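Below, each chain spelled out in residue letters.
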Amino acid sequence: MKKSTIVGIGELLFDVFPEHKALGGAPTNFAYHCQQLGHEAISISAIGRDPLGQEIREELCARQLTTILQESDYPTGTVQVTLSSKGSPTYAISEGVAWDDLHFTEELRSLAQRTDAICFGSLAQLSETSRSTILSFLEAMPAGSLRIFDINLRLHYYTREVIHTSLEHTDLLKLNDEEVPILAQLLGIEGDMEAICRQLFELYSLQAVILTRGAAGCSIYHPKGSIFHPSASIEVVDTVGAGDSFTAGFVSALLAGRNYLEAVALATHVAAFVCSHPGAMPTLPPHYRLVATEV
């Protein structure tokens, strides 16, 4: 099975917990798990010319994740994370940071032209600079490539324009049950959760809408109908990065030739494993690997 080239583009940061900090940012979490599942994965972001930026570079190098990390005069991004008694996170996001200063270069254009799939979100698009870079990358990708909008609505860090334009550039939309009513209100869509997902599917000519509902499982809405898959029964340590790992499992499986049902099954198991371990980037068991290591 040939490796696919998969990109995560956007925010890169340290999640700062009360007693420790951990490398984070949805696009990099996504790319790291795609790499673990056997594909060529690349994280694209920007870091500051500061000790935190150097620490990020060293940690991603140690994890052997391929990166394109532009250096910025803005500080490296941080997010203060507080966990509830059930492991659910709340965030306080620092503004005016390096990921807001991501520029579209010839290096990025060259990579875009050979990219098989990309995952992007809404958080890194508040800055006009980074937003323009992400959209330029999407537009430079070849026909038949897969563009995944893992929406990741955070606090007030999104606008209707960002969501609408992103959906116009999207093949697969991934969102959770808490984001559905927010998205419906932004876009003027009415109905129950399923009706809203189906309208999004039709309005933006999507290949599929992936709706995750935590312990209630996951539904995939696609041209031939829908698929439901139950969640795995686990003891949750924390849910930071769980959605990113789910998206990585789903996309990695599709690019390895799996169908939607097989893809959502793998994604569910990967996300469950991540939830049962601290941090967003635990080492996955080798039997999850989809593409054999080249010798």
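Up top is the structure.
Chemist: Tell me about the overall build of the protein chain, residues and numbers included.
Modeler: Secondary structure assignment for the protein chain yields nine helices and 13 strands. Computed over its C-alpha atoms, the radius of gyration of the protein chain comes to 18 Å, within 12% of the 19 Å expected for a compact globule of 295 residues. Taken along its principal axes, the extent of the C-alpha atoms in the protein chain is 50 × 45 × 40 Å. Sorting the 295 residues of the protein chain into buried and exposed places 57% on the buried side. With an accessible surface of roughly 12700 Å², the protein chain has 50% of that area assigned to carbon and sulfur atoms.

Chemist: Describe the packing of aromatic side chains, naming the residues involved and giving the relevant values.
Modeler: A complete count under the given rule lists three aromatic pairs for this structure. Arranged with centres 5.0 Å apart and planes meeting at 15°, the rings of F120 and F149 form a pair that is stacked. In this pair, F120 is assigned in strand β8 (residues 117-120) and F149 in strand β9 (residues 146-150), connecting sequence segments 29 residues apart. The class for F120 is buried, based on a relative accessible area of 1%. With a centroid separation of 6.4 Å and an interplanar angle of 90°, the aromatic rings of F273 and Y288 are classed as edge-to-face. Placement of the pair is F273 in helix α9 (residues 260-275) and Y288 in the segment after α9, with a sequence separation of 15 residues. Taking NZ or CZ as reference, K21 lies 5.1 Å from the ring centre of F14, over its face. Taking the ring centre of Y32 as reference, the NZ or CZ of R63 above it sits at 4.9 Å.

Chemist: Run through helix α4 (residues 128-140), naming residues and quoting values.
Modeler: A turn of α-helix holds 3.6 residues, and therefore any two residues three or four places apart point the same way. Over its 13 residues, α4 runs 18 Å from end to end, which matches the ideal 18 Å to within 8%, given 1.5 Å per residue. Every buried residue of α4 is accounted for by S130, R131, T133, I134, L135, F137, L138 and A140. Its buried side turned inward, α4 meets β1 (5-9), β4 (40-48), α3 (106-112), β8, β9 and α5 (160-168).

Chemist: Outline the pattern of salt bridges, listing residues and values.
Modeler: Side chains carrying opposite charge are able to pair once their charged atoms draw close together. All chains considered together, the criterion is met by eleven salt bridges. Here D171 ties to R147 by a salt bridge, and the two come within 3.3 Å at their closest N and O atoms. Of this pair, D171 sits in the loop between α5 and β10 (172-176) while R147 sits in strand β9, placing them 24 residues apart in sequence. In this structure R147 comes out as partly exposed when scored by relative accessible area, which is 21%. A salt bridge links E194 to R198; the nearest nitrogen and oxygen atoms lie 3.2 Å apart. Of this pair, E194 and R198 both sit in helix α7 (residues 193-203), separated by four residues, roughly a single helical turn. Note on R198: relative accessible area 28%, which makes it partly exposed. Through salt bridges with shared partners, a single ionic network connects R49, R57, E71 and D73.

Chemist: Report on the sheet that holds strand β12 (residues 218-222), specifying residues and quantitative values.
Modeler: Pairing is mixed in the open sheet, where nine strands are placed in the order β5-β4-β1-β8-β9-β10-β11-β12-β13. This sheet does not close on itself; its edge strands, each paired only once, are β5 (66-72) and β13 (225-229). Taken over all neighbouring pairs, the strand axes of this sheet differ in orientation by 15° on average, direction set aside. Note: β9 against β10, three bridges, orientation parallel. When the bridges of β10 are listed, D150 appears paired with K174. Helix α8 (residues 242-255) contacts β1, β8, β9, β10, β11 (208-212) and β12 of the sheet and is inclined by roughly 165° relative to β9.

Chemist: Give me the lowdown on helix α1 (residues 26-36), citing residues and values where you can.
Modeler: The element α1 is largely enclosed, with a buried count of eleven among its eleven residues. Along α1, the positions that sit buried rather than exposed are A26, P27, T28, N29, F30, A31, Y32, H33, C34, Q35 and Q36. Where α1 terminates, the next one or two residues include G38, which has phi positive at roughly 115°.

Chemist: Describe the nonpolar core, listing the residues and the values that go with them.
Modeler: Within the largest apolar cluster, 54 residues are counted, with the highest numbers of intra-cluster contacts made by I9, I44, F137, L173 and L200. With five residues, the single largest contributor to this core is α4. Excluding residues that lie within four positions of it along the chain, L173 makes contacts with F149, I151, L167, L183, L200, L206, A208, V209 and I210. Ranked by size, the runner-up nonpolar core spans 44 residues in total, among them L12, C34, V270 and L290.

Chemist: I'd love a proper account of the side chain of E179, names of residues and values included.
Modeler: Within the element layout of this structure, E179 appears in helix α6 (residues 179-187). One buried charged residue, E179, forms no salt bridge at all, with the nearest opposite charge on R154 at 4.8 Å. Looking at E179, its side chain comes within polar contact range of the main-chain nitrogen of N152, at 3.5 Å. Contact partners of E179, with chain neighbours within four places excluded, come to I151, N152 and L153.

Reading the values: rules and limits
- Residues numbered from 1 in each chain as written.
- Predicted model: local features only at pLDDT ≥ 70, side-chain atom pairs only at ≥ 80, totals over all residues.
- Heavy atoms only, no water.
- Helix = DSSP H or I, 4+ residues; strand = E, 2+ residues; numbered from the N terminus.
- Rg over C-alpha atoms; globule rule 2.2 N^0.38 Å.
- Buried < 20%, exposed > 50% of the residue type's maximum accessible area, 1.4 Å probe, protein only.
- Areas by Shrake-Rupley, 256 points an atom, 1.4 Å probe, with all protein chains shown as cover.
- Phe/Tyr/Trp six-rings, centres within 6.5 Å; stacked < 30°, edge-to-face > 60°.
- Lys NZ or Arg CZ within 6 Å of the ring centre and 35° of its normal.
- Expected span 1.5 Å × (residues − 1).
- Contact = heavy atoms within 4.5 Å.
- Salt bridge = Lys/Arg side-chain N within 4 Å of Asp/Glu carboxyl O.
- Pairing = 2+ DSSP bridges.
- Axes fitted to C-alpha atoms, helices over the stretch in contact; angles between N-to-C directions.
- Core = buried A, V, L, I, M, F, W, Y, C linked by side-chain atoms within 4.5 Å.
- Lys, Arg positive; Asp, Glu negative; His and termini not counted.
- Polar contact = N/O pair within 3.5 Å; in protein donor to acceptor, adjacent residues only side chain to side chain.

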